Amino acid sequence: MKRFCYTLDLKDNSKLKEEYIKHHKNIWPEIIESIKESGIIKAEIYNIGNRLFLLIDTYDEFSEENKRKLDLKNSIVQKWEALMSNYQKKIEFSKSENKWVRMNKIFEL
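Residues numbered from 1 in each chain as written. Predicted model: local features only at pLDDT ≥ 70, side-chain atom pairs only at ≥ 80, totals over all residues. Heavy atoms only, no water.

### Looking at the overall build of the chain
Counting its secondary structure elements, the chain contains four helices and five strands. The secondary structure elements of the chain, listed N-terminal to C-terminal, are β-α-α-β-β-α-α-β-β. Projected onto its principal axes, the C-alpha positions of the chain cover 40 × 35 × 25 Å. Buried residues in the chain amount to 27% of all 109 residues. Intrachain contacts of the chain at a sequence separation of at least 6 include 71% that bridge at least 24 residues. (Helix = DSSP H or I, 4+ residues; strand = E, 2+ residues; numbered from the N terminus. Buried < 20%, exposed > 50% of the residue type's maximum accessible area, 1.4 Å probe, protein only. Contact = heavy atoms within 4.5 Å.)

This is the structure:
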């Protein structure tokens, strides 16, 4: 099993933040299905202020590139991502089209 940690920020607007959280309490079933089909076993999103942290546990065969390709081919995922873009903003470390930025592990007990 592999674990990845990502971060990104929400726009600085309390109403938008509430809407974003509400969407994640009712994620579309097709999104859950696409997550599982990509090899993700478990996913959790945490927040403090406007900062989000995404933790995913995956099968060893999981590939970020393969997940990206699957998402690009999935029209429902593209609709979800377009909707989420209304709430999210890239952080300074974000490169290219990636909103979520993978974090580096610096400690494990």
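### A short note on the packing of aromatic side chains
Centre distance and the angle of the planes are the two values used to describe a pair of aromatic rings. Counting across every chain of the model gives four aromatic pairs. Seen from their ring centres, Trp28 and Trp80 are 5.0 Å apart, and the 75° between their planes marks the pair as edge-to-face. With Trp28 in the loop between helix H1 (14–25) and helix H2 (29–37) and Trp80 in helix H4 (residues 75–84), the pair connects residues that are 52 residues apart, well separated along the chain. Exposure remark for Trp28: the relative accessible area of 28% places this residue in the partly exposed category. Given a relative accessible area of 6%, Trp80 falls into the buried group. (Phe/Tyr/Trp six-rings, centres within 6.5 Å; stacked < 30°, edge-to-face > 60°.)

### Notes on the packing of H1 against H4
For any two helices packed against each other, the geometry comes down to the angle between their axes and how far apart the axes lie. Contact pair H1 / H4: the axes reach a minimum separation of 11 Å and the direction vectors enclose 155°. Relative to H4, H1 is oriented roughly antiparallel. Facing Tyr20, His23 and His24 of H1, the residues of H4 in contact are Trp80, Leu83 and Met84. Each residue belonging to the contact of H1 with H4 can be placed in one class, and the counts come to four nonpolar, two polar and no charged. (Axes fitted to C-alpha atoms, helices over the stretch in contact; angles between N-to-C directions. Parallel < 35°, antiparallel > 145°, perpendicular 65-115°, else oblique. Nonpolar A, V, L, I, M, F, W, Y, C, P; charged D, E, K, R; others polar.)

These results come straight from atomic positions and should not be treated as a statement about function.
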